[in-house]
Amino acid sequence: MNKEELIPKLKTIIAPYVQDEEAFKFLSEDTDFVKDLKINSANLVDIILDIEDEFDIRLENEDMENMLDVKSAMQIINTKLDN
Amino acid sequence: MKKRVVITGLGVVAPNGVGVTEFTDALREGKSGITFHQNLKDLNFSCQIGGVPNISEDLKSKYFTDLQLRGFNSSGILYGCIAGVDAWKDAGFNMNPESELDYYTGLIFGTGTSGVEKFREAIHGVDEGKVRRLGSTVVLQTMASGVSAYLSGMLGLGNQVTTNSSACTTGTEALLMGFDRIQNGKAKRMLVGSCSDDGPYIWGGFDAMRVMTYKHNNEPEKASRPMSATASGFVPGSGAGALVLESLESALERGTTIYAEVLGGEVNSGGQREGGTLTAPNPEAVKRCIKKAIENSGILSNDIEVINGHLTATTKDALEIENWTKALNRTGIDFPYVNSTKSMIGHCLAAAGAIECVASVIQLKEQFIAPNINCEDLHPEIEALIDSEKIPTEKIDLNFDVLAKASFGFGDVNACVVFKKFHL
């Protein structure tokens, strides 16, 4: 799935958890979930579950550890979708 | 020199009224909050009625963020946070996520068990092998101190933040624990209270014990009958009560409204000796608790003008009245006025003590005694002890100064607190 398709989907998923709306407006591939969007690290778990539901994939613990920003999230989702 | 402690804020979420104004009106009118619940009937409960506060989605969103409400399924925490935030605002403070951390205010907010519906969801998830999909808030909603955790974060409280648990004594105990802390100079303010979940999973165990009434499923408002000859068990309730306790000097410095003074109190246990069991009180310990509360308050038993009893509408009501008559050494027409808030809201379990302390303080501040509804047929054993005039079935306006409130709980635990109309 290309970037133009994926980013809007990701934005919808993470919107409820975002604590810095200003940073969210300027979301890019380099946006970090915790550092930039000030998402509570406990909520990363919930984002993982929402991603699983949206894309009908399963994410492992290692995937979660690596999913720190928009770019890594897109890579992991695409890898899963390709499999 | 121990500090004087006053009450400067109230909040309440009760089956017959949400918020102090609505609850005060309900107390005056003798309004019942007990309703029929189809889900209890469908689940084969003997007792198919209960007291559940009416909370709209709109009201929820005034206290919780959308994020906090995602996957939220803990009625006790919901009620506790609403009551707690209301009490805090009533005391003249605000709820602001950017507020400065307040090291001088603590929080003791009790409960029996937390988030039982959420726990059920989690148990089903775990049993289906889906532990990884439980989400991030199961612990926060099901840990006993969940309500304290949510509330302290909403308000930015930095003194002791904890949860106590002592069955149906919980709320009154929380108040006395907060009182101790201020009296001894360890905090300026303590937000105290308690909450309880509602619904079949919290009430089921009581239904199984056959201690809830099954005789009034068709007339819910008549069901909770403390001190009545036809009392046949309690009606389960739920909700939360909260009070802001404050040192007198801090309250005067802020120039805030003072509802009443907490003179003192006592908590003890009957140790399941001398007739006490897991479920029945040791009468000696109950009497001692009341006497010590009076002594610790620096008053005499004759000073007590009104009692807000525990009085659940079980067979133990007559024993409770007998304990009061002996502890106070007062009977007949000499006995104080006595009422049971449970006649209107049922037994709100872990929340009962706090909701009833709020009810007591409201009656003291507004100078009225709420009616004992459903007590038109006073129990003969009670009538043999005290004059029926002392158990009003209609609201009474009364100028009075001193009210004693007691709560008793499973495990043979007792708490009694004495409130006084505030005089400088």
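Okay, so let's go over this structure. (Residues numbered from 1 in each chain as written. Chains lettered and ligands numbered in written order. Predicted model: local features only at pLDDT ≥ 70, side-chain atom pairs only at ≥ 80, totals over all residues.)

1. Looking at the overall build of chain B
Here comes step 1: Secondary structure summary: chain B contains 16 helices and 15 strands in total.
Here comes step 2: Over its C-alpha atoms chain B spans a radius of gyration of 20 Å, differing by no more than 12% from the 22 Å that the globule rule assigns to 424 residues.
Here comes step 3: Principal-axis analysis of the C-alpha atoms places the extent of chain B at approximately 65 × 55 × 40 Å.
Here comes step 4: Split into buried and exposed, the 424 residues of chain B put 55% on the buried side. (Helix = DSSP H or I, 4+ residues; strand = E, 2+ residues; numbered from the N terminus. Rg over C-alpha atoms; globule rule 2.2 N^0.38 Å. Buried ≥ 20, exposed ≤ 12 C-beta atoms within 10 Å, placed from the backbone.)

2. Brief notes about helix α6 (residues 116–127) of chain B
All names here are of chain B.
Here comes step 1: Relative to the 16 Å expected for 12 residues at 1.5 Å per residue, α6 spans 16 Å between its end C-alpha atoms, a close match to the ideal helical length.
Here comes step 2: Within α6 the residues assigned to the buried category are V116, K118 and A122. Burial along α6 is one-sided: seen end-on, the buried residues are contained in an arc of 150 degrees. Those residues of α6 that are exposed and angled more than 90 degrees off the buried face are I123, H124 and D127.
Here comes step 3: Along its buried surface, α6 packs onto α7 (138–142) and α10 (200–208). (Expected span 1.5 Å × (residues − 1). Arc of directions from axis to C-beta. Contact = placed C-beta atoms within 7 Å.)

3. Section: helix α1 (residues 20–29) of chain B
All names here are of chain B.
Here comes step 1: Those residues of α1 that fall on the buried side of the exposure criterion are V20, F23, T24, A26 and L27. Along α1, the residues classed as buried sweep out an arc of 160 degrees about the axis, all on the same side.
Here comes step 2: On its buried side, α1 packs onto β1 (5–14), β2 (17–18), α5 (75–90), α14 (342–345) and α15 (352–366).
Here comes step 3: At the C-terminal side of α1, G30 shows a positive phi close to 65 degrees.

4. What to know about the packing of α5 of chain B against helix α8 (residues 146–155) of chain B
All names here are of chain B.
Here comes step 1: Interhelical geometry of α5 versus α8 gives an angle of 35 degrees and a closest axis separation of 9 Å. Between α5 and α8 lies a crossing whose hand is right-handed. Every residue of α8 that contacts α5 at G76, I77, G80, C81, G84, V85 and W88 is listed here: G146, V147, Y150, L151, M154 and L155. (Axes fitted to C-alpha atoms, helices over the stretch in contact; angles between N-to-C directions. Left-handed = near helix turned anticlockwise from the far one by under 90°.)

5. Here's the deal with the pairing of strand β7 (residues 189–196) of chain B
Residues and elements named next belong to chain B.
Here comes step 1: Within β7, eight of the eight residues are buried, which leaves the element mostly enclosed by the surrounding structure.
Here comes step 2: Here β7 shows a buried face lined by R189, L191, G193 and C195 and a second buried face lined by M190, V192, S194 and S196.
Here comes step 3: Both strand β5 (residues 105–111) and β7 contribute to a ladder of seven bridges, which runs parallel. Counterpart to G110 in the pairing with β7 is S194.
Here comes step 4: Both β7 and strand β8 (residues 239–247) contribute to a ladder of eight bridges, which runs antiparallel. Following the sheet pairing, R189 is matched in β8 by E246. (Pairing = 2+ DSSP bridges.)

6. Quick word on unusual backbone geometry
All names here are of chain B.
Here comes step 1: Backbone geometry at R210 places phi at a positive 60 degrees, although glycine is not the residue there.
Here comes step 2: Mapped onto the elements of the fold, R210 is located in the loop between α10 and β8.
Here comes step 3: R210 sits in the exposed class, given 11 other C-beta atoms within 10 Å.
Here comes step 4: You will see that M227, though not glycine, has its phi angle at about 70 degrees, which is positive.

Function cannot be read off these values alone, since they describe shape.
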